[in-house]
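Here are the chains, one letter per residue:
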Amino acid sequence: TLPVSRSIYVREKYFLHLLNTAFAVFLSLFITTARLLLDHTTVQNGPLITAALSSLVTAVLMNSFMIPLQLKFGAEKSRTTLMVFLGFAYLIGFSAWILIRKLNVNISDAIHLIRVENTAASVMWICAAMLVLMAVSFLLSLRIMKKKEF
């Protein structure tokens, strides 16, 4: 058995994930700011927000899938499962892109309709979506650990 309860074990995994995510976001902000200053470019909010959000989204997406998979299948099988999942996602995205090109659909118009002009609202929606994804992943991980036999 584990020296701690199963729920504490899952909470610790997600706490470490949040620490790593915060580190990744701050590191990306630091690197982006340094790069802008080295290029003698005025530091603007756009590149900084993009750097922070891309780091946040990447870390949350990867860990939200990886932690439950790792708890369910173990380290090696979870990596294989994640790679297969990412391969299918890439295949679906690439197929959709080919279909859009063959149908001569102008996706820039669609992107313009989706884009929110208010940056603060966009950031809030993205952060809210990441919180929901983390919550679902956390609850799934708790359920996996409660059913797991050692």
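Shown above is the structure to which this text applies.
A short tour of the structure in this document, coming up. For clarity, every value in this text was computed on a predicted model and none was experimentally measured.

**Details of helix H1 (residues 6–38)**
Okay, step 1: Between the first and last C-alpha of H1 there are 48 Å, a value that for 33 residues agrees with the 48 Å anticipated at 1.5 Å per step.
Okay, step 2: Those residues of H1 not exposed but buried are Val10, Tyr14, His17, Thr21, Val25, Ser28, Thr32 and Leu36.
Okay, step 3: Just beyond H1, the residue with positive phi is His40, at close to 55°.

**Observations concerning the environment of Ala135**
Okay, step 1: Here Ala135 is to be found in helix H5 (residues 119–147).
Okay, step 2: Judged by relative accessible area, which is 38%, Ala135 ranks as partly exposed.
Okay, step 3: Taking the C-alpha atoms as reference, Ala135 lies 8.9 Å from Ser64; in sequence the two are 71 residues apart.

**Some thoughts on the layout of surface pockets**
Okay, step 1: One number sums up the size of the largest pocket: a volume of about 150 Å³.
Okay, step 2: Lining the largest pocket, in full, are Tyr14, Leu18, Thr21, Leu56, Val60, Cys127, Met130, Leu131, Met134, Ala135 and Phe138.
Okay, step 3: Of all the elements in the fold, those that place two or more residues in the lining of the largest pocket are H1, helix H2 (45–73) and H5.
Okay, step 4: Examining the composition of the lining of the largest pocket, we find that six residues originate from one element, H5, more than from any other.

**With respect to the pattern of salt bridges**
Okay, step 1: One pass over the full model with this rule turns up two salt bridges.
Okay, step 2: One salt bridge connects Asp39 with Arg35, and the closest N-O pair in it is separated by 3.4 Å.
Okay, step 3: Under the relative-accessibility criterion, Asp39 is labelled partly exposed at 39%.
Okay, step 4: Under the relative-accessibility criterion, Arg35 is labelled exposed at 53%.

**Some remarks on the packing of aromatic side chains**
Okay, step 1: Under the counting rule described, the total for this entry stands at four aromatic pairs.
Okay, step 2: A centroid spacing of 6.0 Å and a plane angle of 15° characterise the contact between Tyr90 and Phe94, whose relative ring orientation is stacked. Taken together, the positions of Tyr90 and Phe94, both in helix H3 (residues 75–102) and four residues apart, correspond to about one turn of that helix.
Okay, step 3: Feature note: the residues Tyr90, Phe94 and Trp97 constitute an aromatic cluster, connected by ring pairs.

Calculation rules
Residues numbered from 1 in each chain as written. Predicted model: local features only at pLDDT ≥ 70, side-chain atom pairs only at ≥ 80, totals over all residues. Heavy atoms only, no water. Helix = DSSP H or I, 4+ residues; strand = E, 2+ residues; numbered from the N terminus. Expected span 1.5 Å × (residues − 1). Buried < 20%, exposed > 50% of the residue type's maximum accessible area, 1.4 Å probe, protein only. 1 Å grid on protein atoms, 1.4 Å probe; cavity = no way out; pocket = protein on both sides within 12 Å on 5 of 7 lines; lining within 4 Å. Points joined across faces, edges and corners; volume = space filled by probe spheres on them. Salt bridge = Lys/Arg side-chain N within 4 Å of Asp/Glu carboxyl O. Phe/Tyr/Trp six-rings, centres within 6.5 Å; stacked < 30°, edge-to-face > 60°.

No statement about biological role is implied by the geometric values presented.
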